[in-house]
Amino acid sequence: MRASLRPTSSSKYDTPDAKARVAKAIEQLRPAFAERLSVGASVREQHGRGEAFAQGYPPDAVIWPLSTAEVSHVVKVCNELRVPVIAFGAGTSLEGHVSAPYGGICLDLARMNQVLEVRDDDGDCVVQPGITREELNAQLRDTGFYFPIDPGANASIGGMIATRASGTNTIRYGTIAQNVMALEVVLANGEIIRCGNRARKSSAGYDLVRLFTGSEGTLGIVTEVTLRLHGQPEAVGSSVCSFPDLRGAVDTVMELIQIGAPVSRLELLDELQVRACNAYSKLSLPEQPTLFMEFMGTEAAVTEQFERAVDVVKSHGAAGLEWAFDEQRRAALWKARHAAYFAARALRPATDCIVADVCVPISHLADCVAKARAEIDAEGLVAPILGHVGDGNFHVLFLIDPNNDDERARMDRVYDSMIETAHRVGGTCTGEHGIGMGKRDKLLAEFGPSVVELMRKVKDAWDPNGILNPGKVFDLQ
Ligand SMILES: Cc1cc2nc3c(=O)[nH]c(=O)nc-3n(C[C@H](O)[C@H](O)[C@H](O)COP(=O)(O)OP(=O)(O)OC[C@H]3O[C@@H](n4cnc5c(N)ncnc54)[C@H](O)[C@@H]3O)c2cc1C
C-alpha cells in the first residue's frame, strides 16, 4: 500500500465508545430504512474501495436514501452520535475517496437518480446526484441538449461534483465546475441549504457552489444539482493520427492550442497504450504515439477546422492520418479511448493500476511527458501514458504487482518526480482525480501549510464534529 493511503491513527474513532456509537446509530436508523440499510460484509466491502486499489476500508453499514429528507435524517443522527458519514456515488474514484478508514455509515446515492426538470428555454436541468453521466445523456437524447463532461468511467453527477471531474471535452466545455449552476446540499448538522442560481453569472457573495465542487464529500452531501446543458452539435468529425515519437505528438498539441485551433477533444495515447487499445478494443491502429482529435460545428466548419489541423499535424511528422465523419467509426474510436484504463489493465492482469494524474501549463507539457516516459523506462516499469493533453493533463497508468515492494518503490520514485516537476513548472498534483487519501501529502506540497490550514478551518467551521468523510483531503488531527 502506498504510504499515503494509510489512515492516521485516531483515538477519536478507534475506541469501544466510538464503536458503541456506530452501533447505536445503526439501530436508530434501521426502522426508517429497513432493507435499504445493510451491514452485510460483501456490501460493506464493495463500498469501502473505489477503483485502483485492491485494499479499502469498509464502512459499518450502507444506506440507500431516496430523498433529501432521508439524507438529512441520516446525517443528523450521525452528527449527534459523532459517527462518520461517507457519500458514495458510483465508486469510480481513484484515490481512496470512498474508503471508510474510521468506519461509519456509507450513504449510497445511486437510487436518487432522477432527472427532475429539463428547461429548454434556458438550456439547463435539475437532477438528483446519483444519476450517472451516461444515463443523463440517454434521457436528454431527444431534447437537442447534452451534458458533455465525460470522465472515462460512468460516474455519478454527485461524485463528479465532489471530485471536480472533467474528461475529454474540457478544452471546449470546461470541467464540471463550469457547468454546475446551483446545488442543494445537506450540511453536517443535517440542515438543508441551496446555493447558486440559474443566472448565467452572479456576483452575489462567496461562491459556495465552487467551494462544494471538489470538496470530496467533506463539507456536505449534494442532494440536488442544476446543470448547464449544451446543444448537440450539427456535425462532429474525428481524426486519429500517429507520430514517429511522443514529442512530435505533444508538440502538435501545443501548436494547435497556441494557434487557437477550435478542437473540442485532443487526446494522447503513447505507443504502449495504443498496443493495449488495439488488443482490448479490436482496433488496428499503428503502434506509435497517437493523437485522437475531434472537431464540432457545422459540417463546413468541421471540414475547415480539420484541414487547418492537418497542416500542423503533418509538420510534426504525423502519418496514418485517419478522418472519421461516420458516426459508427467515430463511436468505435472514442469507445476505445474511454476503455483505455481497462485496456491498460489487461496488459498485466492481477496487478494494481495506479493512475497518476498531473496537469501542467501547456508550454511544459512536452518536456514533462518526455521526462516521465524516460523515468518509467529507466525504472523498468510497465506503465502506458495517456491524457487529455489539450488541457495539459496527462496520466501514467502504473501496472504494479501488489506483492512486490521494490516495484512499488520504483513507481513511487517516478510518481513523486512527476509531481515535483509539475509543481516546479506551475502545475498541479491532480488535474481531475482529486486528493482523497492518496494525495494528502501532495496537497501540502502544492500549497504549503498556511493554505492547507485555511482549508482545514473551513472544514472545521462547517463540520465541527468532523463526521463528513474523515481522513480525506487532510490527515486527521
Ligand atoms: C476508468 C476510469 C476512468 C476515469 N477517467 C476520469 C476522467 O477522465 N476524468 C476524471 O475527472 N475522473 C476520471 N476517473 C475518476 C472518477 O471517475 C471520477 O473521480 C468521478 O468523478 C467519481 O465519481 P463517482 O460517482 O464514481 O464518485 P465516488 O467514487 O462514488 O465518490 C467520489 C467522491 O465523491 C464523494 N461523493 C459522491 N457523491 C457525493 C454527493 N452526492 N455529495 C457529496 N459528495 C459525494 C464521495 O464521498 C467521494 O469522496 C476515472 C475513473 C476510472 C475508473
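In short, a report on the structure.

Conventions we followed
- Residues numbered from 1 in each chain as written.
- Predicted model: local features only at pLDDT ≥ 70, side-chain atom pairs only at ≥ 80, totals over all residues.
- Heavy atoms only, no water.
- Helix = DSSP H or I, 4+ residues; strand = E, 2+ residues; numbered from the N terminus.
- Rg over C-alpha atoms; globule rule 2.2 N^0.38 Å.
- Buried < 20%, exposed > 50% of the residue type's maximum accessible area, 1.4 Å probe, protein only.
- Contact = heavy atoms within 4.5 Å.
- Near = heavy atom within 4 Å.
- Polar contact = N/O pair within 3.5 Å; in protein donor to acceptor, adjacent residues only side chain to side chain.
- Areas by Shrake-Rupley, 256 points an atom, 1.4 Å probe, with all protein chains shown as cover.
- Pairing = 2+ DSSP bridges.
- Core = buried A, V, L, I, M, F, W, Y, C linked by side-chain atoms within 4.5 Å.
- Axes fitted to C-alpha atoms, helices over the stretch in contact; angles between N-to-C directions.
- 1 Å grid on protein atoms, 1.4 Å probe; cavity = no way out; pocket = protein on both sides within 12 Å on 5 of 7 lines; lining within 4 Å.
- Points joined across faces, edges and corners; volume = space filled by probe spheres on them.
- Nonpolar A, V, L, I, M, F, W, Y, C, P; charged D, E, K, R; others polar.
- Disulfide = S-S within 2.5 Å.

### Focus on the overall build of the protein chain
Right, on to step 1. Tallying secondary structure elements over the protein chain gives 16 helices and 18 strands in all.
Right, on to step 2. The globule rule puts the C-alpha radius of gyration for 477 residues at 23 Å, and the 22 Å found for the protein chain is close to it.
Right, on to step 3. On the principal axes, the C-alpha backbone points of the protein chain span a range of 65 × 60 × 40 Å.
Right, on to step 4. Every one of the 477 residues in the protein chain was classed for burial, and the buried ones make up 57%.
Right, on to step 5. Within the protein chain, counting contacts between residues at least 6 apart in sequence, those at least 24 apart form 72% of the total.

### Quick look at the site of the ligand
Right, on to step 1. Around the ligand sit 36 residues, and of these Ala-87, Gly-89, Thr-92, Ser-93 and Ser-156 come closest.
Right, on to step 2. One of the side-chain nitrogen or oxygen atoms of Thr-92 is found 2.7 Å away from an oxygen atom of the ligand.
Right, on to step 3. Compared with its free state, where it exposes 990 Å², the ligand has 97% of that area covered by protein.
Right, on to step 4. Residue assignment for the shell around the ligand shows that the elements contributing at least two residues are strand S3 (85-88), helix H5 (157-163), strand S10 (221-228) and helix H12 (340-347).
Right, on to step 5. The element best represented in the shell around the ligand is H5, accounting for 5 residues.

### Description of helix H9 (residues 271-281)
Each α-helix winds once per 3.6 residues, and so residues spaced three or four apart point in a common direction.
Right, on to step 1. Of the positions making up H9, those classed as buried are Leu-272, Gln-273, Val-274, Ala-276, Cys-277 and Asn-278.
Right, on to step 2. Packed against the buried residues of H9 are strand S13 (263-269), strand S14 (290-297), helix H11 (327-338), H12, strand S17 (385-388) and strand S18 (393-400).
Right, on to step 3. Once H9 ends, the next one or two residues include Lys-282, with phi positive near 55°.

### Examining the pairing of S17
Right, on to step 1. Neither face of S17 is exposed, since Ile-385 and Gly-387 on one face and Leu-386 and His-388 on the opposite face are all buried.
Right, on to step 2. The pairing of S13 with S17 spans 2 bridges and is classified as antiparallel. Directly across from Leu-269, in S17, lies its bridge partner Leu-386.
Right, on to step 3. Where S17 and S18 come together, 4 bridges link them in antiparallel fashion. Following the sheet pairing, Gly-387 is matched in S18 by Phe-394.
Right, on to step 4. Hairpin remark: S17 followed by S18, antiparallel, with 4 residues in the connecting loop; positive phi at Gly-392, about 80°.

### Comments concerning the nonpolar core
Right, on to step 1. Membership of the largest hydrophobic core comes to 54 residues, with the highest contact counts inside it found for Phe-394, Val-396, Phe-398 and Met-418.
Right, on to step 2. With residues near it in sequence (within four places) discarded, Phe-398 still touches Asp-352, Cys-353, Ile-354, Ala-356, Ile-376, Leu-381, Val-382, Ala-383, Met-411, Val-414, Tyr-415 and Met-418.
Right, on to step 3. Counting 31 residues, the second-largest nonpolar core is a separate cluster that includes Phe-147, Ile-161, Val-222 and Met-296.

### Observations regarding the environment of Arg-330
Right, on to step 1. With respect to the helices and strands, the residue Arg-330 is situated in helix H11.
Right, on to step 2. A relative accessible area of 11% means that Arg-330 is categorised as buried.
Right, on to step 3. Along the sequence, Arg-330 and Ser-239 sit 91 residues apart, while their C-alpha atoms lie 8.5 Å from each other.
Right, on to step 4. Not counting residues up to four positions away in its chain, the partners in contact with Arg-330 are Val-236, Gly-237, Ser-238, Glu-294, Ala-324 and Phe-325.

### Describing the sheet that holds strand S4 (residues 105-108)
Right, on to step 1. Here 4 strands make up an open sheet; going across it, the order is S1-S2-S4-S3 and the pairing mixed. A single partner strand is all that each edge strand has here, and the edge strands are strand S1 (37-38) and S3.
Right, on to step 2. Here strand S2 (residues 61-63) runs beside S4; their pairing, made up of 3 bridges, is parallel. Along S4, the bridge assignment pairs Val-62 with Cys-106.
Right, on to step 3. Sheet strands touched by helix H3 (residues 68-81): S2, S3 and S4. Its angle to S4, the strand with the most contacts, is close to 170°.

### Topic: the sheet that holds strand S5 (residues 115-119)
Right, on to step 1. Taking strand neighbours across the sheet as the criterion, the 5 strands line up as S5-S6-S10-S8-S9 in an open arrangement whose pairing is antiparallel. At either end of the open sheet lies a strand with only one pairing partner, and these are S5 and strand S9 (192-196). Direction aside, the axes of adjacent strands within the sheet are offset by 15° on average.
Right, on to step 2. Of the strand pairs in this sheet, strand S8 (residues 180-186) and S10 are connected by 6 bridges, and their pairing is antiparallel. The residue of S10 that forms the bridge with Val-185 is Val-222.
Right, on to step 3. The strands touched by H3 are S8, S9 and S10; relative to S8, the strand with the most contacts, the crossing angle is about 50°.
Right, on to step 4. Here helix H4 (residues 133-140) sits on the sheet in contact with S5, strand S6 (124-127) and S10, set at roughly 50° to S5.

### A look at empty space enclosed by the protein
Right, on to step 1. Using the criterion set out here, one finds 2 cavities of 30 Å³ or more in the structure.
Right, on to step 2. In this model, the second largest cavity occupies a volume close to 60 Å³.
Right, on to step 3. In this structure, the second largest cavity is lined by Val-358, Cys-368, Lys-371, Ala-372, Glu-375, Phe-394, Ser-417, Met-418 and Thr-421.
Right, on to step 4. Broken down by element, the lining of the second largest cavity gets its largest block of residues, 4 residues, from helix H13 (residues 365-378).
Right, on to step 5. Its residues assigned to classes, the lining of the second largest cavity comprises 5 nonpolar, 2 polar and 2 charged.

### Observations regarding the state of the cysteines
As used in these notes, a disulfide is a covalent bond between sulfur atoms, one from each of two cysteines.
Right, on to step 1. Within this structure, the stated rule accounts for 0 disulfides.
Right, on to step 2. Cysteine Cys-125 is unpaired, with the sulfur of Cys-195 as its nearest cysteine sulfur at 16 Å.
Right, on to step 3. For Cys-125, a relative accessible area of 0% translates into the label buried.

### Thoughts on the side chain of Asn-79
Right, on to step 1. Considering the arrangement of structural elements, one finds Asn-79 in helix H3.
Right, on to step 2. Those residues within four positions of Asn-79 in sequence are excluded, and the remaining contacts are Ala-188, Asn-189, Asn-465 and Ile-467.

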